[in-house]
Amino acid sequence: MGNISQGKTSKPTVRIDIFDIEEDKAQQYLKDREECATAAEAVMAKYCQTVKRETLDPTEGQGVVGYYKTGEILMQVLLDPFEIPVMKVAIGRGKLEDYILAANSLTHEMLEQLAKEDEN
């Protein structure tokens, strides 16, 4: 999990990716992070030729990135302590796909149009 360090709070923290997570919350955070990453990968797999977990910007940490057949990024979500709780709510409401599309300024109509262009 990483080295124990002292963050801004007096509680011990562990480093996960680039984030300091309170030690007593780290296991749940890792579980939630994995659940969200797996769910995001499933959503992106419907629209993207390739889906990877990778770090595009070292200051933002790891994310799930979906690439279109041209190799361009079509969509992405970060796996950070701010995004994970929002994604958990979206999963609970059955709205993760809508959330990911909105976070990437995409609509179902736009993706349908891409699919039609692919057919031609």
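Refer to the preceding data block for the structure.
Residues numbered from 1 in each chain as written. Predicted model: local features only at pLDDT ≥ 70, side-chain atom pairs only at ≥ 80, totals over all residues. Heavy atoms only, no water.

Peer 1: In this structure, what is going on with the overall build of the protein chain? I would like to understand it.
Peer 2: A count of helical and extended segments in the protein chain gives four helices and six strands. The N-to-C order of helical and strand elements in the protein chain reads β-β-β-α-β-β-β-α-α-α. Counting over 120 residues, the protein chain shows a buried share of 33%. The contacts in the protein chain between residues at least 6 apart in sequence include a share of 37% that link residues at least 24 apart. By element, 51% of the accessible surface of the protein chain is carried by carbon and sulfur atoms, the whole surface being about 7,300 Å². (Helix = DSSP H or I, 4+ residues; strand = E, 2+ residues; numbered from the N terminus. Buried < 20%, exposed > 50% of the residue type's maximum accessible area, 1.4 Å probe, protein only. Contact = heavy atoms within 4.5 Å. Areas by Shrake-Rupley, 256 points an atom, 1.4 Å probe, with all protein chains shown as cover.)

Peer 1: Teacher, can you tell me more about the pairing of strand β2 (residues 12–16) here?
Peer 2: As a general feature of sheets, a regular strand has side chains that alternate between the two faces. Two strands pair when backbone bridges link them, and β2 and strand β3 (residues 19–22) are joined in this way by four bridges, in the antiparallel orientation. Residue pairing for β3: Thr13 is matched across the bridge by Glu22. As consecutive antiparallel partners, β2 and β3 are separated by two residues, and within that stretch Asp17 has a phi angle of approximately 60°, a positive value. (Pairing = 2+ DSSP bridges.)

Peer 1: I keep staring at helix α3 (residues 96–103) and nothing clicks. Help me out?
Peer 2: For an α-helix the count is 3.6 residues per turn, leaving residues at separations of three or four pointing the same way. Taken together, the buried positions of α3 are Leu96, Glu97, Ile100 and Leu101. Taken end-on, α3 shows its buried residues confined to a sector of 130°, consistent with a single buried face. At its buried positions, α3 is contacted by α1 (26–45), β6 (73–78), α2 (83–92) and α4 (108–119). Remark: Ser105 follows α3 within two positions and exhibits a positive phi of approximately 55°. (Arc of directions from axis to C-beta.)

Peer 1: For this particular structure, what's the right way to read the packing of aromatic side chains?
Peer 2: The geometry of an aromatic ring pair is captured by the separation of the ring centres together with the interplanar angle, meaning the angle of the planes. In this structure the tally under the stated criterion is one aromatic pair. The interplanar angle of 85° and the centroid separation of 6.3 Å between the aromatic rings of Phe19 and Phe82 together place this pair among those described as edge-to-face. With Phe19 in strand β3 and Phe82 in the loop between β6 and α2, the pair connects residues that are 63 residues apart, well separated along the chain. Sitting over the face of the ring of Tyr67, Lys52 holds its NZ or CZ atom 5.4 Å from the ring centroid. (Phe/Tyr/Trp six-rings, centres within 6.5 Å; stacked < 30°, edge-to-face > 60°. Lys NZ or Arg CZ within 6 Å of the ring centre and 35° of its normal.)

Peer 1: Explain the pattern of salt bridges here, please?
Peer 2: A side chain of one charge can pair with a side chain of the opposite charge when the charged atoms of the two come close. Enumeration according to the criterion identifies 10 salt bridges in this entry. For the salt bridge of Asp20 with Arg15, the shortest nitrogen-to-oxygen distance reads 3.0 Å. Classification of Asp20 as partly exposed rests on a relative accessible area of 36%. Note on Arg15: relative accessible area 39%, which makes it partly exposed. Residue Arg53 is joined to Glu34 by a salt bridge in which the shortest nitrogen-to-oxygen separation is 2.8 Å. On the criterion of sequence distance, the pair formed by Arg53 in strand β4 (residues 50–54) and Glu34 in helix α1 is long-range, its members being 19 residues apart. (Salt bridge = Lys/Arg side-chain N within 4 Å of Asp/Glu carboxyl O.)

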